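Below are the chains, spelled out letter by letter.
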Amino acid sequence: MCSSDLAASAAGLLTFPGRSRQSYFEAGRALQRVWLEATASGWSLQPMTAITYLFERLQDGGEGLPAPDHAELEALWTAHQETFDTHPGEAQAMLFRLHKAGPPSERSLRRPVEAVLSFVDPGS
């Protein structure tokens, strides 16, 4: 692990009013715009989703979480709320960190869209 893996220039939390499916859909659209703008500006964005998913589960009663995990998440949730000034009823769509990035050291190979996606006519 290099030193740049141990620190970030900033952390952010994308929130949206409400916790409906529509709220999460709109939050996803906003996240896409944030991510594209960050990339265009020379920043790398690293999602940190696991903790927000666990917090959502905790807010919904924590069903299935072992008691020690539940207690630890409660403590983390308190610190998280203080750090990010969250509000009840908000969708916490994505916690992420930002780091000033240089050019990519490797490129991902991409298949043509047509090689992985096809549409079926529902009338046939």
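Residues numbered from 1 in each chain as written. Predicted model: local features only at pLDDT ≥ 70, side-chain atom pairs only at ≥ 80, totals over all residues. Heavy atoms only, no water.

The next thing to look at is the packing of helix α2 (residues 49-59) against helix α3 (residues 67-84). Relative to each other, α2 and α3 sit at 110 degrees, their axes nearing to 10 Å. Classed by the angle they form, the pair α2 and α3 counts as roughly perpendicular. In contact with I51, L54, F55, L58 and Q59 of α2, α3 contributes H70, L73, E74, L76, W77 and H80. For the contact of α2 with α3, the class distribution of residues is seven nonpolar, three polar and one charged. (Axes fitted to C-alpha atoms, helices over the stretch in contact; angles between N-to-C directions. Helix = DSSP H or I, 4+ residues; strand = E, 2+ residues; numbered from the N terminus. Parallel < 35°, antiparallel > 145°, perpendicular 65-115°, else oblique. Contact = heavy atoms within 4.5 Å. Nonpolar A, V, L, I, M, F, W, Y, C, P; charged D, E, K, R; others polar.)

Put simply, the chain has an average pLDDT of 86, and 93% of its residues get 70 or more. Across the chain, helix α1 (residues 21-40) holds the top mean pLDDT of 92, while α2 sits lowest at 87. (pLDDT = per-residue confidence, 0-100.)

To continue, consider the pattern of salt bridges. Summed over the entire model, instances satisfying the criterion amount to three salt bridges. One salt bridge in this structure joins R19 and E56, with 2.6 Å as the shortest N-O distance. On the criterion of sequence distance, the pair formed by R19 in the loop between β1 (10-17) and α1 and E56 in helix α2 is long-range, its members being 37 residues apart. For E56, a relative accessible area of 14% translates into the label buried. Between E26 and R29 there is a salt bridge whose closest N-O contact spans 3.7 Å. Of this pair, E26 and R29 both sit in helix α1, three residues apart, roughly one helical turn. Sharing partners across several salt bridges, the network here consists of R19, E56 and D60. (Salt bridge = Lys/Arg side-chain N within 4 Å of Asp/Glu carboxyl O. Buried < 20%, exposed > 50% of the residue type's maximum accessible area, 1.4 Å probe, protein only.)

Quick look at the sheet that holds strand β2 (residues 43-47) now. The sheet built from three strands is open, its strands ordered β1-β3-β2 with antiparallel pairing. Edge positions in the sheet fall to β1 and β2, since each of these pairs with one other strand and no more. Strand-to-strand twist of the sheet, defined as the mean angle between neighbouring strand axes without regard to direction, takes the value 30 degrees. Relative to strand β3 (residues 90-100), β1 runs antiparallel, the two sharing eight bridges. Bridging across to β3, A10 finds its partner in L98. Seen against the sheet, α1 touches β1, β2 and β3 and runs at an angle of roughly 150 degrees to β1. Sheet contacts for α2: β1, β2 and β3; angle to β3, the most-contacted strand, approximately 165 degrees. (Pairing = 2+ DSSP bridges.)

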